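Chain by chain, the residues run as shown.
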Amino acid sequence: MQNSISNPKKDLAYKLLGVLLIILFWQLLSMRYLSVLVPSPAETLSAMKQLLLSGEITRNLRVSFERQFTGLLLGVMIGTATGLLAGLKRSLELMNPLVKCLMTIPAVIFVVMAMVWFGMGSVMAVFVVALLVFPIMHINVVEGFKSIDSNYLQMARVYRVPLKIRFQKIYLPGVMHSFLAGISLAVASSIRLTIMAELLGAREGMGQKIAISRSYLQTDHLFAWVLVLIFIVFALDWLFIRPVNRLANRWKVPD
Amino acid sequence: MAENPADDLTLEIKPWQKGDQLLAMITSNEVNMSATPITNAFMLYNKGIDIQLVNVAVWGMLYVLSPEDSVQSVADLKGKQVSVTGQGGIHDLVFRHLLIQNGVDPDKDLEIIYLDLPEASAKLATGELKYAVLNEPNSSMATLNARKGGVELKRVLDLQEEWQKVTGQEKARIPQAGFVVLNSEQLGKNAVAKFQERFSAAAEWVNNNPAEAGPIVEKHFEWMKAPAVEQSLQYARLNPEWAADCQEEIEAFFTELSKTAPPEALGGKLPDAEFYFQP
């Protein structure tokens, strides 16, 4: 979030310094411990190069991305739909307990259960991602409705503003902001959920590669995969979440 | 299982379930010795950890279990669904090797699914799963579980016998698991020798008195039920031998296995002679 006293250049400098500190700390740890425990940054990069050249990264990224995207899409659609309904008609708070349950139960339990229900592979991963993205979207959309100034609604009622206009001028701007906040949260969690689901119950995909690197004690590969994951999350943040947030600001109601 | 022989060889047993739990115990110096699959010992050694293989305790205790009689050879598994425990582990590597050497493509000609023991055992008992590769004592536990539901499981293939057929060596054995010692200099040769002596004697007693051994095992590891242990001992090939005495046999086995196994499953290469503890 931007605020009036932030200085973009200084912010960037501090962020870069933060990255350097992480790398330095990592380097120091790797010098202290065996590489099977903490591989050095250089070893990790060379493992990453090897994985890139062999095509493993591209191949598994595609598999994981398909699962993540499908699950995300389903979860966002369902969560937004139920959120809209619940927002428009407060009686639909009846979804609330379900949503709270889903948010409270540790995600790994759903993974373990989904493996029993759907077996290993894509269906299971997509199910888990969709199931846990759904409450995020639901809650955010409902919150959006709650944040709408009740004066606007009262005014709309008094002047009998048609539903279409009410939707365009009051509901949409009110909800859009937290809807988009929900999306960015959902995107980030969907990546983590996909990896977790694959780690335990898939035969391919990034999560499974991480599991195999772990069981073969190839810690350098494991670190390389994690690095890839970090790059993806940052790239998504720059390419998708930030533009979406800028777009969201256009929906802000002028005070 | 991990053991901690102190002065007069009092042992403290610490169970581990997954490879990284064992790694954690080893790197934090929590244990002096540990039971482990041989492949795992290879990996740890090749990754620069100070361990040596003391003995091979069990040989070839892998079986294909099924309620049906139709499978009599590895090739008969074509078109079937078979569950295996632990992707990339020694069960998986041996089973895939045998399939390939019998002209069966493990990725195309049959369906391998990876299930852990409770799942495989439950699915065998309900008939949802017809074939599973299990080791001892898991195969015995599965057999007894299935019997409760009226399903009679049989060991239709003994993977060590299949290994002998494939290699043409009728005495070939699968060195499956054994004990490693960590930082052997610190523990000292005497303690290790004492351990091996006591362990061999115990193994002999257990092999001769399976009915008495069952309840003792169950007391320490409650998930291993006494009747399963008793049955298991007939099939476990518990026969501890000094690793240094069977270096050639171990190397021959893994050289054969690495024809099909990915090198990283063994930690990159076969370990050198230092790996074998010299009594």
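By convention here, each chain's residues receive numbers from 1 onward along its written sequence. Each chain gets a letter, beginning with A, and each ligand a number, beginning with 1, in the order they are written. Confidence filtering applies because this is a predicted model: local features only for residues at pLDDT of at least 70, side-chain atom pairs given and counted only at 80 or more, and all residues used for totals across whole chains, interfaces and linings.

A short note on the domain arrangement of chain B
Residue and element names in this part refer to chain B.
Here is step 1: Just so you know, the domain bounds were taken from an automatic or database domain assignment. You can read the domains of chain B as domain 1 (2-59 + 173-275) and domain 2 (62-167).
Here is step 2: Its C-alpha centre places domain 1 at a distance of 24 Å from the equivalent point of domain 2.
Here is step 3: By the criterion used throughout, residues are in contact when their C-beta atoms, derived from the backbone, lie within 7 Å. Residue-level contacts link 19 residues of domain 1 with 21 residues of domain 2.
Here is step 4: Elements are defined by DSSP. Helices are runs of H or I of four residues or more, strands are runs of E of two residues or more, and each kind is numbered from the N terminus. Put simply, the parts of the chain that give the side of domain 1 that touches domain 2 at least two residues each are helix H10 (226-232) and helix H11 (247-257).
Here is step 5: With five residues, the top contributor of residues to the side of domain 1 that touches domain 2 is H10.

Things to note about the environment of Leu-74 of chain A
Residues and elements named next belong to chain A.
Here is step 1: Structurally, Leu-74 is set in helix H3 (residues 56-88).
Here is step 2: Three exposure classes are used, all based on how many other C-beta atoms lie within 10 Å of a residue's own C-beta (placed from the backbone): buried at 20 or more, exposed at 12 or fewer, and partly exposed between those limits. Judged by the 17 C-beta atoms lying within 10 Å of it, Leu-74 is partly exposed.
Here is step 3: Separated by 134 residues in the primary sequence, Leu-74 and Gln-208 place their C-alpha atoms 23 Å from one another.

Overview of the nonpolar core
Here is step 1: Defined on buried residues, the nonpolar core groups Ala, Val, Leu, Ile, Met, Phe, Trp, Tyr and Cys residues joined through C-beta atoms within 7 Å. Residues Val-128, Val-129 and Val-133 of chain A together with Leu-124, Ala-132, Leu-159 and Val-180 of chain B are the most contacted members of the largest nonpolar core, which totals 123 residues.
Here is step 2: Per-element tally for this core: the top contributor is helix H6 (residues 122-146) of chain A, with 15 residues.
Here is step 3: When residues of this core are sorted by domain, at least three fall in each of domain 1 (2-59 + 173-275) and domain 2 (62-167) of chain B.
Here is step 4: Not counting the four nearest positions on each side in its chain, Ala-132 of chain B is found in contact with Leu-65, Val-82, Ser-83, Ala-120 and Leu-124 of chain B.

Things to note about unusual backbone geometry
Here is step 1: Along the chain, Glu-136 of chain B connects to Pro-137 of chain B via a cis peptide bond; the corresponding omega equals 0°.
Here is step 2: Relative to the elements of secondary structure, Pro-137 of chain B occurs in the loop between strand E7 (131-135) and helix H5 (138-148).
Here is step 3: A positive phi angle, near 50°, is found at Arg-160 of chain A, a position not held by glycine.
Here is step 4: Within the secondary structure, Arg-160 of chain A sits in the loop between helix H7 (150-158) and helix H8 (163-201).
Here is step 5: In the Ramachandran plot, Leu-217 of chain A falls in the positive-phi region, its phi being about 60° despite a non-glycine side chain.
Here is step 6: Its location among the elements puts Leu-217 of chain A in the loop between helix H9 (206-215) and helix H10 (219-250).
Here is step 7: Look at Leu-217 of chain A and you get buried, because 22 C-beta atoms sit within 10 Å.

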